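Summary of the model geometry
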Amino acid sequence: MLKLGVNIDHVATLREARYRGRDAGEPDPMAAARLCEAAGAHGITAHLREDRRHIQDRDVWRLREAVQTRLNLELANAPEIVAIALRLRPDIVCLVPERRLEVTTEGGLEVAANLPALTETRRRMNDAGIPVSLFVAPDVAQVEAAAAVGAQFVELHTGAFAEHFADAGRRSEEVARLRSAAELAHRLGVRVNAGHGLSYQNLPPLLEVPHLVELNIGHSLVSRSVTVGLSQAVKEMLALMKGYAA
């Protein structure tokens, strides 16, 4: 069964727009996580960025206590955040690139050029009992590098697929890239997740990609929840995913 991980970062984005710098505010990411789990989500994803633009330190500790399914912590390979992750002990971590001026995570992690540093962080996480995923472009060199690092998972960056979805030719090219990357990762013994820019509209063609374990989806679900509620938004996404055959 293809799993759904709900990224709740943008619940925190909405809170920070009004309550930045305060110890409380609404909406509450933990309450959102509980609603998502009750609606059938298989996991909760939160990205503790170095600039703390949405998720705050207090959020990840509260989520660690509250999440009953699986907590996926996204983070840059930065000493401060790595140290927090090792204390927090989420169910899995996903290492991602960060750029201060980006609106959201753009592009995959440059694994091939950073093998020693990423391997060391992977080792430390695994020694603490935390599986590691690397957020990578659907590129042969990056998938091979992720396997060399020893990551248990890759999360394939679906941003290009989402960006070019309206162009049938480009969409087919991006699906083919994702398919090839997933097949390569599978051959190398690395499990495959996917995410970034996925929506109710573009999800069906993505289900052609084999070996997917989980999709991480955030903005589209939070956007949909404004009109139908978060529980209904999660249920609708799960219905689209039903019947996926790896």
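The structure we're discussing is the one just above.
These figures come from a predicted structure and were not determined experimentally.

1. Quick notes on the sheet that holds strand β1 (residues 3-7)
Spatially, β1-β2-β3-β4-β5-β6-β7-β8 is the arrangement adopted by the eight strands of the closed barrel, whose pairing is parallel. Strand-to-strand, the axes of this sheet are offset by a mean angle of 25°, without reference to chain direction. Where β1 lies against strand β8 (residues 212-217), four bridges are found, and the strand directions are parallel. Its bridge partner being in β8, V6 is matched across the sheet by I217. Contacts from helix α8 (residues 168-187) reach β6 (153-157) and β7 (191-195) within the one sheet, and its direction differs from that of β6 by about 175°.

2. What about the layout of surface pockets?
In this structure, the second largest pocket encloses a volume near 160 Å³. Lining the second largest pocket are H10, V11, L14, P27, D28, A31, A32, L35, V222, S225, V226 and L230. Breaking the lining of the second largest pocket down by element, the ones donating at least two residues are α1 (9-19), α2 (29-38) and α10 (219-228). Of the residues that constitute the lining of the second largest pocket, the class distribution is nine nonpolar, two polar and one charged.

3. Focus on the pairing of β6
Burial of β6 is extensive: five of the five residues sit out of reach of the surface. Because side chains alternate across β6, one face comprises the buried residues F153, E155 and H157, and the other comprises V154 and L156, equally buried. Relative to β6, strand β5 (residues 132-136) runs parallel, the two sharing four bridges. Bridging across to β6, V136 finds its partner in L156. Since β5 and β6 lie parallel, the crossover through helix α6 (residues 140-149) that links them has a hand, and here it is right-handed. Pairing between β6 and β7: five bridges, direction parallel. Residue pairing in the sheet places E155 in a bridge with N193 of β7.

4. Focus on the pattern of salt bridges
When the charged atoms of two side chains with opposite charge come close together, those side chains can pair. Under the defined criterion, the tally for this structure stands at 16 salt bridges. R170 serves as the salt-bridge partner of E174, at 3.9 Å between the closest nitrogen and oxygen. With E174 and R170 both in helix α8 and four residues apart, the pair spans about one turn of that helix. The buried category is assigned to E174, whose relative accessible area is 5%. Members of the salt-bridge network, linked through shared partners, are R15, E16, R20 and D59.

5. Structural notes on the packing of helix α4 (residues 79-88) against helix α5 (residues 115-127)
For the pair α4 and α5, the least separation of the axes is 10 Å and the interaxial angle reads 15°. Considered as vectors, α4 and α5 are oriented roughly parallel to each other. When you trace α4 past α5, the crossing you get is right-handed. Note on element contacts: α5 touches α4 through T121, R124 and M125, opposite V82, A85 and L86. Broken down by class, the residue content of the contact of α4 with α5 amounts to four nonpolar, one polar and one charged.

About the thresholds
- Residues numbered from 1 in each chain as written.
- Predicted model: local features only at pLDDT ≥ 70, side-chain atom pairs only at ≥ 80, totals over all residues.
- Heavy atoms only, no water.
- Pairing = 2+ DSSP bridges.
- Helix = DSSP H or I, 4+ residues; strand = E, 2+ residues; numbered from the N terminus.
- Axes fitted to C-alpha atoms, helices over the stretch in contact; angles between N-to-C directions.
- Contact = heavy atoms within 4.5 Å.
- 1 Å grid on protein atoms, 1.4 Å probe; cavity = no way out; pocket = protein on both sides within 12 Å on 5 of 7 lines; lining within 4 Å.
- Points joined across faces, edges and corners; volume = space filled by probe spheres on them.
- Nonpolar A, V, L, I, M, F, W, Y, C, P; charged D, E, K, R; others polar.
- Buried < 20%, exposed > 50% of the residue type's maximum accessible area, 1.4 Å probe, protein only.
- Right-handed = clockwise from strand over helix to strand, strands pointing away.
- Salt bridge = Lys/Arg side-chain N within 4 Å of Asp/Glu carboxyl O.
- Parallel < 35°, antiparallel > 145°, perpendicular 65-115°, else oblique.
- Left-handed = near helix turned anticlockwise from the far one by under 90°.

Distances and angles like these do not, on their own, reveal function.
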